[in-house]
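What follows is each chain in one-letter form.
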Amino acid sequence: MPNNKNKGFSLVEIIIAIAVMTLLISPIIAQTIQTLNTSARAKERQYVVDNADKVMEYFRSNTINDLSKTGKKGDDKLEIKSVTTYDGGSVTTIRPRCQVYYKEQHIGYVDYNATDYVLSDAKLGKEKHNYTRTVTLDDLSNVLMDRNSKDKDGTALNNIDDGEAPDKYRYFIRYNINNSTSDIGDLSKWDITTEGSAVQYDDRHHVKAIVVDRMDYDEYTNPNEVPLGNIQDLDSTTMAIIEGSATDVDVQFRQDFIGSLMDIIARHKAELVANDTWDDYTDKENLNNIFEDVIQGSGNKFNRMIKITCVGEDIVDDKPSYYRVRVDVYLKAIYTFLGESIGSKAKDNEKYAYTVYNQKFYTEEAPDIFLVYEPFITQVGTNYVTYANNDHIAVRSDKYTSGAIKGSDPSKIYLVKSNETWANTNGKITDLPDNNYFLTSVGGKYVPVNINVTQIHTKGASVDDEELPLQIITNVSMTGDTVSTYKINEAYDGQRQFSTNAISDASLVPDRHLAADETYCSYPSQFSVGDQIEYPDGTCKDPITYPLNDKRTESRLFSITVKYHNEDVASEKNVYTYFTGAKGAD
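Novice: Where do I start with the pattern of salt bridges in this structure?
Specialist: When the charged atoms of two side chains with opposite charge come close together, those side chains can pair. Following the criterion strictly, the structure yields 10 salt bridges and no others. One salt bridge connects Arg-267 with Glu-340, and the closest N-O pair in it is separated by 2.7 Å. Highlighted residues: Arg-267 in helix 3 (residues 245-267) and Glu-340 in strand 13 (residues 340-342), separated in sequence by 73 residues. A residue is classified by how much of its surface remains accessible, and Arg-267, at 54% relative accessible area, is exposed. Residues Glu-518 and Arg-396 are paired through a salt bridge, measuring 3.0 Å at the closest nitrogen-oxygen approach. Of the two residues, Glu-518 is situated in strand 27 (residues 518-522) and Arg-396 in strand 18 (residues 390-397); the sequence distance between them amounts to 122 residues. Residue classification places Glu-518 among the buried residues on the basis of a relative accessible area of 12%.

Quick look at the structure:
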């Protein structure tokens, strides 16, 4: 008799099983497909990101002049096919206009400059999709922060006003906006860039609307619209940037000098104990007062020397392998304390020698030097910070850095007085133009600090042919509010800020900064006899001058936006990918 217990599934049962399995597996399959698609898109985007990084680096490393079809650096396969500048120069290249939103409120507009570079197409990703690429350089960020921006006809365009103290605030692009951001309204109206700014684009893919934030800041000037001298790029790889170091040394000197006073106090312990004054001289609070008394004491003299060295080194075939920029600060204290006369011996001041900058530059041209400067500070904690009456700057160059070789580009020193200094006149000085002098109190009145500038050169060397002085471009003692009225080192109350004579009293100058084969040489003094630095090609330049009226766009501050469009997936919405960076900033 047949055994029916082992019979197979019926057709109906199989169909039901397949249906049930399909219901169970379908979500898994859909999820798997979605995951694979997401992974593919992520991988494709990574190809785009990697390519955009190369493009970004290319634009950062090339100057404006070099950004042509035959750029000097970067990917050899990268070709710039066309360049269009939107700077208001003609009707066809009108500047882009950007509507400005603070939170949800439209508060005004700005016009800005933009330049579009159309690159050769790139095939990217596993599927080798064809991408068109455009790079835009613009100064929107700077214009937003500059409340005085104007169009090409001089009309003020920046009428931003959020209704809350409009003269108090400056505006900057807001970043880190994401899906959880609620105070800017409907996020679907905005494109969110890779760094999280909310923007809208016009048909040229320039920013036509942007969300900003605000800061409590009195002034900001678009650096692309003001005279910046010959500064081409504030890049620490090509320029020596020294900020705040000299005044930091003043603080260090104060601490080291108090340490020297404590050594003297220790030597006189028996005498001070006998006079019942030991506690007065060892109390920490009193030590600062003692420092002030000594440094201001009659007959006591404190001098500082900033030595700036810019030379070629490791010379091969009469060419330097690299350039050395070094800044040393030396101080000399000549004083009497507890009956001891200190400072006449070199060892008395050996501890007051500080190296604040020392770097090699493997650059094609000799580097420039950007030094934020403030004279030697002798007194702090009072209503007016007292500067020393004299300060010294000594410059050491050679033929490789000074332009003594015909056709070479000489290094320049940018000696910059920042807006915020330690000195505070508290309204005591009312007639000083722009307060651009460094003043010190002498005999109850304020006069310019005497900043003595000298050159250090090799004994026996021909200064004119081998070691020219470096040009100093500075806003210190600069007066005037227009290019036609700018002047430098005008006398204030009968005294000038800069003097350029060789040091006359070497006993007052710190001892350790001169090598055995070096000596002092006067800087040319255009302030009295019209002397200039004369270069081998016959050109002449003032040795100390104000920032020049240079409005070139070469290597100024711009934002870089790299835009990609996938031509093979044109049906997708928003197929542009944006990557942003900065040019001219480090």
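Now, onward.
Novice: Even after reading the chapter, I still don't get the environment of Ala-209, so can you show me in this structure?
Specialist: Mapped onto the fold, Ala-209 is located in strand 9 (residues 207-216). Judged by its relative accessible area of 3%, Ala-209 is buried. Along the sequence, Ala-209 and Val-110 sit 99 residues apart, while their C-alpha atoms lie 9.7 Å from each other. Among all residues touching Ala-209, those that are not within four sequence positions of it are Cys-98, Gln-99, Tyr-101, Trp-190, Ala-198, Val-199 and Gln-200.

Novice: Is there a simple way to think about the packing of aromatic side chains in this case?
Specialist: Within a pair of aromatic rings, the relevant descriptors are the distance that separates the centres and the angle that separates the planes. In total, this model carries 18 aromatic pairs according to the counting rule given. Each ring, one from Tyr-437 and one from Tyr-492, has its centre 5.8 Å from the other, and the planes form 35°; the classification is tilted. Highlighted residues: Tyr-437 in the loop between strand 19 (412-416) and strand 20 (439-442) and Tyr-492 in the loop between strand 25 (487-488) and strand 26 (498-499), separated in sequence by 55 residues. Given a relative accessible area of 5%, Tyr-437 falls into the buried group. Among the aromatic residues, those joined into a ring-pair cluster are Phe-253, Phe-257, Phe-302, Tyr-335, Tyr-352 and Phe-376. The aromatic ring of Phe-438 is capped on one face by Lys-417, whose charged end is 5.4 Å from the ring centroid.

Novice: Before we go on, may I ask you to explain the nonpolar core in this structure?
Specialist: It is characteristic of soluble globular proteins that their nonpolar side chains tend to be buried jointly. Ranked by internal contacts, the top residues of the largest apolar core, which has 55 residues, are Phe-257, Phe-302 and Tyr-335. The biggest single contributor to this core is strand 12 (residues 319-337), with 8 residues. Leave out the neighbours within four places in its chain, and Tyr-335 touches Phe-257, Ser-260, Leu-261, Ile-264, Val-294, Asn-300, Phe-302, Glu-340, Ser-341 and Ile-342. Counting 21 residues, the second-largest nonpolar core is a separate cluster that includes Val-55, Met-56, Ile-80 and Ile-560.

Novice: Looking at this structure, I do not really get a nonpolar patch on the surface. What am I missing?
Specialist: There is a patch of nonpolar side chains on the surface, built from Val-12, Ile-16 and Val-20 and spanning about 270 Å² of accessible area. Of note, Val-12 is situated in helix 1 (residues 11-61).

Novice: Would you mind showing me how to read unusual backbone geometry here?
Specialist: Excluding glycine, residues mostly carry a negative phi; peptide bonds, for their part, are mostly trans. For Asn-176, which is not glycine, the phi dihedral falls at a positive 60°. Take Asn-176: it is sitting in the loop between strand 6 (169-173) and strand 7 (191-192). With relative accessibility at 63%, the residue Asn-176 sits in the exposed group. Phi at Asp-493 takes a positive value of approximately 55°, unusual for a residue other than glycine. Residue position: Asp-493 is located in the loop between strand 25 and strand 26. Classification of Asp-493 by relative accessible area gives partly exposed; the value is 45%.

Novice: Would you mind going over the side chain of Asp-398 with me for this structure?
Specialist: Among the structural elements, Asp-398 can be located in the loop between strand 18 and strand 19. One buried charge, Asp-398, has no salt-bridge partner; the nearest side chain with opposite charge is Arg-396, at 6.5 Å. Among the polar contacts listed, one links the side chain of Asp-398 to the backbone nitrogen of Tyr-400, at a separation of 3.0 Å. Here the side chain of Asp-398 touches Thr-401 through a polar contact of 3.1 Å, landing on its backbone nitrogen. If we ignore the near neighbours within four places in the chain, the residues touching Asp-398 are Cys-310, Val-311, Gly-312, Glu-466 and Glu-467.

The rules behind each value
- Residues numbered from 1 in each chain as written.
- Predicted model: local features only at pLDDT ≥ 70, side-chain atom pairs only at ≥ 80, totals over all residues.
- Heavy atoms only, no water.
- Salt bridge = Lys/Arg side-chain N within 4 Å of Asp/Glu carboxyl O.
- Helix = DSSP H or I, 4+ residues; strand = E, 2+ residues; numbered from the N terminus.
- Buried < 20%, exposed > 50% of the residue type's maximum accessible area, 1.4 Å probe, protein only.
- Contact = heavy atoms within 4.5 Å.
- Phe/Tyr/Trp six-rings, centres within 6.5 Å; stacked < 30°, edge-to-face > 60°.
- Lys NZ or Arg CZ within 6 Å of the ring centre and 35° of its normal.
- Core = buried A, V, L, I, M, F, W, Y, C linked by side-chain atoms within 4.5 Å.
- Patch = residues over 30% accessible without salt bridge, like charges linked within 9 Å, V, L, I, M, F, W, Y side chains within 5 Å.
- Areas by Shrake-Rupley, 256 points an atom, 1.4 Å probe, with all protein chains shown as cover.
- Lys, Arg positive; Asp, Glu negative; His and termini not counted.
- Polar contact = N/O pair within 3.5 Å; in protein donor to acceptor, adjacent residues only side chain to side chain.

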